[in-house]
Structure formats: C-alpha cells, structure tokens
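Per-entry structural report
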Amino acid sequence: VKTPWGTLAKGAQVVLYNQNSNTVVASEVATYGVAVFTKDQRLKAYTMSATWTQKETGLTFKSAPRISVGKVLDMDVITVYPTFSIGLKDTDHDAYISGYPDGLVRPNNTLTRAEAAQIIFELMTDESKAKYDKKAGKTFIDVGKDHWAYEAITMMTKANILVGMGDGRFDPSAVMTREQFATMIAQLFMIKVNQPIAGFIFKDLNGGFADKYISFLYALGILEGKGDNMFGPKDSLTRAQAITVVNKLIGRLPGEGTTSLGAVADQMKTWPDNMDTTAWYYAAIQEATNS
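None of the values given here were measured: they were computed from a predicted structure.

Attention now goes to the overall build of the protein chain. When its secondary structure is counted, the protein chain shows 8 helices and 6 strands. Along the protein chain, from the amino end to the carboxyl end, the secondary structure elements read β-β-β-β-β-β-α-α-α-α-α-α-α-α. Here the C-alpha atoms of the protein chain give a radius of gyration of 21 Å, agreeing with the 19 Å that 2.2 N^0.38 yields for 291 residues. Scored against the burial criterion, the 291 residues of the protein chain give a buried share of 45%.

Printed below as a string of structure tokens:
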C-alpha cells in the first residue's frame, strides 16, 4: 500500500470484501506497508480497499475500490489518495502546462502568481469548477476580465487557495517564492495545520508564516529541500521546481525510461528548451505538458 508519490503506507488497514454479498472476508494491517492474505481467502469475485492515517501529519488517505472477477489475487499495489479541499484530476493524465506562444516551456523561468493559479485551475475537475462558479468572487484592480488568467485567479480566491495582497491588488506578475508556493499547495489538503510538523526541520526555517506548511509537505513526501539541510523559503520558485511538486501532488511519477519508450516518444509533445534528457527536470516537464 503506497501513496501516489511512492511513500509506503505503514499501518494501513486493508479490507477484502466478497463482491457479491458485500461482506468482509478478511481485514489485515499493512504493518510495514504490506498486507498479506492467505489463499483460502481468495474469491472469484472480490473487492479490496485500504485506508491509512499518516502519523506525522494526521492526514487520512483512502483508496478507490479495486475489483477483480474470476482471477487469482493479483492486486500487488494499492494506492491510497489524500482528500483534497477542491476536486482535482488526480487520476486523469491531462496536460496542465501549455507553454508560451513562442513555443517554449521555459523550465528555468520563475513562476508568477498568475501562473501558479492557472496550474491548479487546469487540474480542477469540472464538478469542482461548477461548484465555485456559483460563489461570489473577489475582484482585483490589477486583474481585469481581459487578463489571461482572470478565470483561474478568481477561482483560486473563491476556493481560498490564494489570497490577494490586501490592498485591492492580486499582483499577478509577482514571482512566487518557495514558501508562498508551499502555503498554496498545503491549502489543497483537507487538514488544519496549526503547529509545525514534528521531526525534520530545515535549518533556515525560523518561525516564518509558512514553516508549518513546508514541514507538512515535507512529511508527506512531496516537497524537498535545496541540499545542506536548507529549504530557501524566500528564494524564487522556478517553473521546473513547481512542476516537480505538482507532479508528486497528483501522483505523476515518471519511471525510468517513461519518456523514451517508442510509443510515447513518437507521440509526445516536445519543447526546444527541454530537449536535454539528462536535465533533472526533463521527465517532469514532459509529464506535465502531455496528456
């Protein structure tokens, strides 16, 4: 049992149901992330599901029911997903980065507040968008209806994922810092983080507003530091860094050779400024820009 970003769900409760009668056949705890069922518990028609609460964060994860009919017990991996505050396309694989009009994707450019809003907007389900469309939105003097990210910014403020600058402005072209992006991503989870997460604390976290969110996302396994036990909370965030975090958030983990497989390589969209397959961000960019 694992999370979308590969963390073993140690202590998850795994339940095997008789699909025909909807009764529990067996229930096992995945003590080390693995639950073992005996052959006599196998049925020709069964459903398996798992739930897990991460000790470090208190966040609850659940799996979608896995169904098997007329097969041996073949569910080797069950993925448990966290509950998000807004509906996200975490099981689809739609491109959420479209690049720039000049045909470049610019992985090393800094990420703006408008671009950050657009990323999450692209990942929202149609049902979630319809829900927040009905709510009254906040207007900003620097984001008119003709702004390219107007709809995304409006939606993110309605959902309380992003807020304005407090003076009637949103400042859409301002660069996102690493701590600001961590705060935004943390708002996507249905959990109240009132205290810094116990355990690993980066050396350069010293009481800032985002420390608890940075620690929370690190404990989840979707946020990393910059080396030497440092996070760089005030540093500007690049597009490649943001994309890497979002890929982990929704479980897009490119495996070795993913982008080099013949069928994939022949059909995927490529970018003139993301052709170096040895770059640390190459596969992450391809994951984000291809459906």
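Inspection of every chain in the model, using the stated rule, returns 8 aromatic pairs. Centroid distance phenylalanine 202 to tyrosine 218: 5.4 Å. Interplanar angle 80 degrees. Geometry classified as edge-to-face. Placement of the pair is phenylalanine 202 in the loop between helix H4 (178–186) and helix H5 (211–220) and tyrosine 218 in helix H5, with a sequence separation of 16 residues. Overall, the relative accessible area of 5% leaves phenylalanine 202 in the buried class. For tyrosine 218, a relative accessible area of 31% puts it in the partly exposed group. When the centroid spacing of 5.4 Å and the interplanar angle of 85 degrees are considered together, the rings of tryptophan 280 and tyrosine 281 count as edge-to-face.

This paragraph deals with the environment of valine 143. If you trace the backbone, valine 143 turns up in the loop between helix H2 (126–133) and helix H3 (150–158). Residue valine 143 is classed as buried on the basis of its relative accessible area of 6%. Each residue touching valine 143, except ones within four places of it in the same chain, is listed here: Tyr150, Ile153, Phe170 and Pro172.

This part is about the nonpolar core. By size, the foremost hydrophobic cluster in this structure holds 79 residues, and its most contacted members are Phe181, Ile185 and Phe189. When residues in this core are grouped by element, the largest group, 7 residues, is from helix H1 (residues 113–123). If we skip the residues at most four places from it in the chain, phenylalanine 181 touches Leu111, Met176, Leu237, Ala242, Val245 and Val246.

Criteria and thresholds
- Residues numbered from 1 in each chain as written.
- Predicted model: local features only at pLDDT ≥ 70, side-chain atom pairs only at ≥ 80, totals over all residues.
- Heavy atoms only, no water.
- Helix = DSSP H or I, 4+ residues; strand = E, 2+ residues; numbered from the N terminus.
- Rg over C-alpha atoms; globule rule 2.2 N^0.38 Å.
- Buried < 20%, exposed > 50% of the residue type's maximum accessible area, 1.4 Å probe, protein only.
- Phe/Tyr/Trp six-rings, centres within 6.5 Å; stacked < 30°, edge-to-face > 60°.
- Contact = heavy atoms within 4.5 Å.
- Core = buried A, V, L, I, M, F, W, Y, C linked by side-chain atoms within 4.5 Å.

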